[in-house]
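Residue-level structure breakdown
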Amino acid sequence: MIPAKTPKILKQFFSTYTWDLHVQNEKKIYLTFDDGPIPEITEFVLAQLKLYNAKATFFCIGENIKKHPHIFKKIIDHGHAIGNHTMNHLKVWKSNSKTYLDNISDCEELILQHYQTTDIYTKLFRPPYGQISYSKFKTIEKLGYKIILWDVLSKDWDKTILPQECSQNVIKNTESGSIVVFHDSKKASINLKYALPKVLDYFSNRGYTFEAISIKRTPS
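Note that the coordinates shown come from a computational prediction; the quantities given were computed from them, not determined experimentally. (Residues numbered from 1 in each chain as written. Predicted model: local features only at pLDDT ≥ 70, side-chain atom pairs only at ≥ 80, totals over all residues. Heavy atoms only, no water.)

A separate point is the packing of aromatic side chains. Where two aromatic rings form a pair, the distance of their centres and the angle of their planes describe that pair. With the rule as written, the count across this model stands at 10 aromatic pairs. Ring geometry for Phe125 versus Tyr145: centroids 6.3 Å apart, planes at 70°, classification edge-to-face. Placement of Phe125 in strand E5 (residues 124-125) and of Tyr145 in the loop between helix H6 (134-142) and strand E6 (146-147) is noted, with a sequence separation of 20 residues between them. Here the aromatic rings of Tyr202 and Phe203 are separated by 5.0 Å at their centres, their planes lie at 80°, and the arrangement is edge-to-face. Judged by relative accessible area, Phe203 falls into the buried class, the value being 3%. Each member of the aromatic cluster is reached from another via a ring pair, and the members are Phe13, Phe14, Tyr17, Tyr100, Phe125, Phe137 and Tyr145. (Phe/Tyr/Trp six-rings, centres within 6.5 Å; stacked < 30°, edge-to-face > 60°. Helix = DSSP H or I, 4+ residues; strand = E, 2+ residues; numbered from the N terminus. Buried < 20%, exposed > 50% of the residue type's maximum accessible area, 1.4 Å probe, protein only.)

Quick look at the structure:
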């Protein structure tokens, strides 16, 4: 069973990847949303974030950007960060290097179509399913990507847990600097729609702010 809180030993073993962000004397949380953009669901997320003046990072699938460019543009227009989640949600362990890297490049090409030359593009990558491949990731890093994993999983995709459990996975395990994973996907929608408002309200009332992951580069 995948734990809601990433074990310290795993972070230490794969220490070159970003699991959380160091913040000193600041109460900041980094919400992330994987697998969108999806009609209605991504728009629900954007509306909830706006209520709390919260910023987040969306790790988008290229196919979904292609299908729903107007929703993708809303994410950018709302001031959120964008990350690459491959074109087709590929499993790194079942793809050869060329296929996997080409899939990332295809997704990046779609992302960049929505940025003006003067805009700042956040060059972040999160591997689908959280699968790690040392050799492929070394190449991805050479392409200028920062590989973002997580400190806390909401487990919103898991249909065996109740919405209340989903919210508690986040509330009980999140601390300042945590990178938290939700999914703006159909599979996660029931748990997401319950848990996200609870999480935003709980931490906002305790003085936390929600920030986008800001490793920024100007696209060439």
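Between its first and last C-alpha, helix H5 (residues 97-112) extends 22 Å over 16 residues, near the 22 Å set by a 1.5 Å rise per residue. By the burial criterion, the buried members of H5 are Tyr100, Leu101, Asn103, Ile104, Cys107, Glu108, Leu110 and Ile111. (Expected span 1.5 Å × (residues − 1).)

So, on to the side chain of His85. Following the sequence through the fold, His85 ends up in the loop between strand E3 (81-84) and H5. Ignoring anything within four residues of it in the chain, the contact list for His85 reads Asp34, Asp35, Phe59, Cys60, Ile61, Cys107, Arg126, Pro127 and Pro128. (Contact = heavy atoms within 4.5 Å.)

The subject of this paragraph is the confidence of the model for the protein chain. The predicted model of the protein chain averages 93 in pLDDT, with 95% of residues at 70 or higher. Across residues 216-220 the pLDDT falls below 50, and counting only partners more than four positions away or on other chains, this stretch makes 13 contacts in the model. (pLDDT = per-residue confidence, 0-100.)

To continue, consider the pairing of E3. With burial as the criterion, each face of E3 is covered, one bearing Ala81 and Gly83 and the other bearing Ile82 and Asn84. Bridge count between strand E2 (residues 57-60) and E3: four bridges; the pairing is parallel. Bridge pairing in E3 places Phe59 opposite Gly83. Bridging between E3 and E5 involves two bridges; their strand directions are parallel. Across the sheet, the residue bridging to Gly83 is Leu124, located in E5. (Pairing = 2+ DSSP bridges.)

The interhelical angle for the contact between H5 and H6, taken along N-to-C directions, is 35°, at an axis separation of 11 Å. Of the two elements, H5 crosses H6, and the hand of that crossing is right-handed. Between H5 and H6, the residues in contact are Ser97, Tyr100, Leu101 and Ile104 and Lys136, Thr139 and Ile140, respectively. (Axes fitted to C-alpha atoms, helices over the stretch in contact; angles between N-to-C directions. Left-handed = near helix turned anticlockwise from the far one by under 90°.)

Two side chains of opposite charge can pair, provided their charged atoms sit close to one another. A complete count under the given rule lists 11 salt bridges for this structure. Linked through salt bridges whose partners overlap, the residues forming this network are Lys5, Lys11, Asp20, Asp151 and Glu175. (Salt bridge = Lys/Arg side-chain N within 4 Å of Asp/Glu carboxyl O.)

What follows is about the pairing of strand E1 (residues 28-34). Counted residue by residue, E1 has six buried out of seven residues, so it is predominantly covered. For the handedness criterion, the β-α-β arrangement of E1, helix H2 (residues 41-51) and E2 is classed as right-handed. (Right-handed = clockwise from strand over helix to strand, strands pointing away.)

On to the environment of Leu90. With respect to the helices and strands, the residue Leu90 is situated in the loop between E3 and H5. Along the primary structure Leu90 and Gln131 are separated by 41 residues, whereas in three dimensions their C-alpha atoms are 9.8 Å apart.

Further remarks concern the environment of Ile71. Within the fold, Ile71 resides in helix H4 (residues 69-77). For Ile71, a relative accessible area of 1% puts it in the buried group. Measuring from C-alpha to C-alpha, the distance between Ile71 and Thr42 comes to 7.5 Å, with 29 residues separating the pair along the chain.

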